[in-house]
Amino acid sequence: HMNHLVEQLLFLARGDAGRNTMTFEDVSLNDIINEIYEESLMIDEKHIYRLAVKDENVRLSADPSMIKQAMRILVDNAAKYTNEEDEIILSVGYMGGTDDTDGSARKPYIQVQDSGMGMAEVDVKHMFERFYRADDTRKVQGTGLGLSIAKWIVDRHNGHFEILSRKDLGTRIKIVFDQADQNK
């Protein structure tokens with residue numbers, strides 16, 4: 001546990017100092033979500049994982065290892081706060097305009113949705129703060145740094161989070177990248 005905490009603190013310290021290196025390339029978010037899905041099936045046999053692909057060939061200029069790290073954090077949190085045998089859905093697609101006539105650019109997204117314990121609105125507002133843990137989550141092992149790391153990664157990829165959470169119903173966390181669809 002201490003090793004993990006130190007690694008997370010070092011990642012954030014390097015990020016704050018501008019020393020985390022990222023290599024951007026054209027990546028397929030479909031390939032990344034498929035890899036995370038396959039890993040989740042192998043690592044976690046206690047939950048039901050489902051893959052929902054809204055669009056094929058969703059592309060992004062990104063550091064693939066960093067995007068995978070952010071997704072692993074979200075999936076790990078979903079598994080921690082979701083009862084065994086319940087479902088976790090991984091999704092990928094485009095948001096926004098679907099044709100050339102409305103003038104809006106489609107934006108790539110990836111999403112993790114669980115049917116876990118959910119969060120109160122006050123906790124959603126603070127969930128990306130370092131070391132923040134909601135009172136009812138303290139019994140679950142964690143450092144309170146994972147979502148801060150995910151936010152750092154998403155911020156560096158010109159993205160943002162859209163979160164919908166309801167107590168006792170679950171949480172949906174969508175990462176939307178503010179890069180226009182290259183395939184339009």
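So, how was this worked out
- Residue numbering note: each chain is counted from 1, following its sequence as written.
- With pLDDT at 70 or above as the cut-off, local features in this predicted model cover only qualifying residues; side-chain atom pairs require 80 or more to be listed or tallied, and sums for whole chains, interfaces and linings still use all residues.
- Excluding hydrogens and water, the side-chain values take into account all heavy atoms of the structure.
- For our purposes a nonpolar core is just a set of buried Ala, Val, Leu, Ile, Met, Phe, Trp, Tyr and Cys residues, chained together by side-chain atoms within 4.5 Å.
- Categorising residues by exposure relies on relative accessible area from a 1.4 Å probe, with only protein chains included: less than 20% of the type maximum marks a residue as buried, more than 50% marks it as exposed, and the intermediate range marks it as partly exposed.
- For the purposes of this entry, the term helix denotes a DSSP run of H or I that reaches at least four residues, the term strand denotes a run of E that reaches at least two, and both are numbered from the N terminus.
- Two residues form a contact once any of their heavy atoms are found within 4.5 Å.
- All axes are obtained by fitting lines to C-alpha atoms, using only the stretch in contact for helices, and the reported angles, taken between N-to-C directions, cover 0 to 180 degrees.
- Helix crossings are classified by the rotation of the near helix relative to the far one: an anticlockwise turn of less than a right angle makes the crossing left-handed, while a clockwise turn makes it right-handed.
- The classification used treats Ala, Val, Leu, Ile, Met, Phe, Trp, Tyr, Cys and Pro as nonpolar, Asp, Glu, Lys and Arg as charged, and all other residues, Gly among them, as polar.
- We call Phe, Tyr and Trp rings a pair once their centres come within 6.5 Å, taking the six-membered ring for Trp, and we label the pair stacked below 30 degrees between planes, edge-to-face above 60, and tilted otherwise.
- Placement of a charge over a ring requires the Lys NZ or Arg CZ to be within 6 Å of the ring centre, with the centre-to-atom vector within 35 degrees of the ring normal.
- Both cavities and pockets are sets of points on a 1 Å grid over the protein atoms alone; in a cavity a 1.4 Å probe fits but cannot get out, in a pocket the set is open with protein on both sides within 12 Å along at least five of seven lines, and lining residues sit with an atom within 4 Å of a point.
- Grid points are joined across faces, edges and corners, and a volume is the space filled by probe spheres set on the points.
- Throughout this description, any angle smaller than 35 degrees is read as roughly parallel, any larger than 145 degrees as roughly antiparallel, any in the 65 to 115 degree range as roughly perpendicular, and the remainder as oblique.
- Every case where a carboxyl oxygen of Asp or Glu lies within 4 Å of a side-chain nitrogen of Lys or Arg is listed as a salt bridge.
- At least two DSSP bridges between two strands are needed for those strands to be called paired.
- Helix span, expected: 1.5 Å multiplied by one less than the number of residues in the helix.
- By the criterion applied in these results, polar contacts are pairs of N or O atoms within 3.5 Å in which, for protein atoms, one can donate a hydrogen and the other can accept it, and in which residues neighboring in sequence qualify only through two side-chain atoms.

As for the nonpolar core
Counting residues in hydrophobic clusters, the biggest one holds 38 residues, and the most contacted among them are L29 and I110. Counting residues per element, the ones that place at least two in this core are α2 (29-43), β3 (59-62), α3 (64-80), β4 (87-95), β5 (107-114), α5 (146-156) and β7 (170-177). Of all the elements, α3 adds the most residues to this core, at nine residues. Aside from chain neighbours lying at most four places away, what touches L29 is V58, L60, I67, V92, P108, Y109, I110 and F177.

Remarks on the packing of α3 against α5
Look at α3 against α5: their axes get within 9 Å of each other, and the N-to-C directions meet at 145 degrees. Read as a crossing pair, α3 and α5 show a hand that is left-handed. Touching M66, I67, Q69, A70, I73, L74 and N77 of α3 are G146, L147, I149, A150, W152 and I153, all from α5. Of the residues assigned to the contact of α3 with α5, the class counts are ten nonpolar, three polar and no charged.

Examining the packing of aromatic side chains
Within the structure shown, the criterion is met by zero aromatic pairs. The ring of Y94 has R106 sitting right over it, with the charged end atom 4.3 Å from the ring centre. Directly above the aromatic system of Y109 lies the positively charged group of K174, at a separation of 4.5 Å from the ring centroid.

Quick look at the layout of surface pockets
Put simply, the second largest pocket is a space of about 250 Å³. At the level of elements, α2 and α3 are the ones that each hand at least two residues to the lining of the second largest pocket. For the lining of the second largest pocket, the class distribution of residues is five nonpolar, one polar and five charged.

Description of the packing of α2 against α3
The geometry of α2 relative to α3 is characterised by a closest axis approach of 10 Å and an angle of 45 degrees between their N-to-C directions. By the angle class used here, α2 and α3 are oblique. Of the two elements, α2 crosses α3, and the hand of that crossing is right-handed. Between α2 and α3, the contacting residues are L29, I32, I33, E35, I36, E39 and S40 on the first element and P64, I67, K68, M71, R72 and V75 on the second. Residue composition of the contact of α2 with α3, grouped by class: eight nonpolar, one polar and four charged.

Some points on the pattern of salt bridges
Counted under the stated rule, the structure contains eight salt bridges. The partner of R59 in a salt bridge is D26, with the nearest N and O atoms 2.9 Å apart. Of this pair, R59 sits in strand β3 while D26 sits in strand β1 (residues 25-28), and the two are 33 residues apart along the sequence. Taken together, the salt bridges that share partners define one network made up of E35, E39, K68 and R72.

A short note on the pairing of β3
Of the two faces of β3, the one holding L60 and A62 is buried and the one holding R59 and S61 is not buried anywhere. Relative to β3, β1 runs antiparallel, the two being bridged by four bridges. Paired with S28 across the two strands is R59, which belongs to β3.

Remarks on α2
With 15 residues, α2 extends 21 Å from end C-alpha to end C-alpha; this agrees with the ideal 21 Å at 1.5 Å per step. Taken together, the buried positions of α2 are L29, N30, I32, I33, I36, Y37, E39 and S40. The backbone nitrogen of N30 has a side-chain oxygen 3.3 Å away, supplied by the residue at the start of α2, namely S28.

Brief notes about unusual backbone geometry
Among all residues except glycine, the phi angle is most often negative; among peptide bonds, the trans geometry is most common. Unlike most non-glycine residues, E85 shows phi in positive territory, near 75 degrees. Examined against the element boundaries, E85 turns out to sit in the loop between α3 and β4.

Remember that the coordinates give geometry; whether it matters functionally is a separate question.
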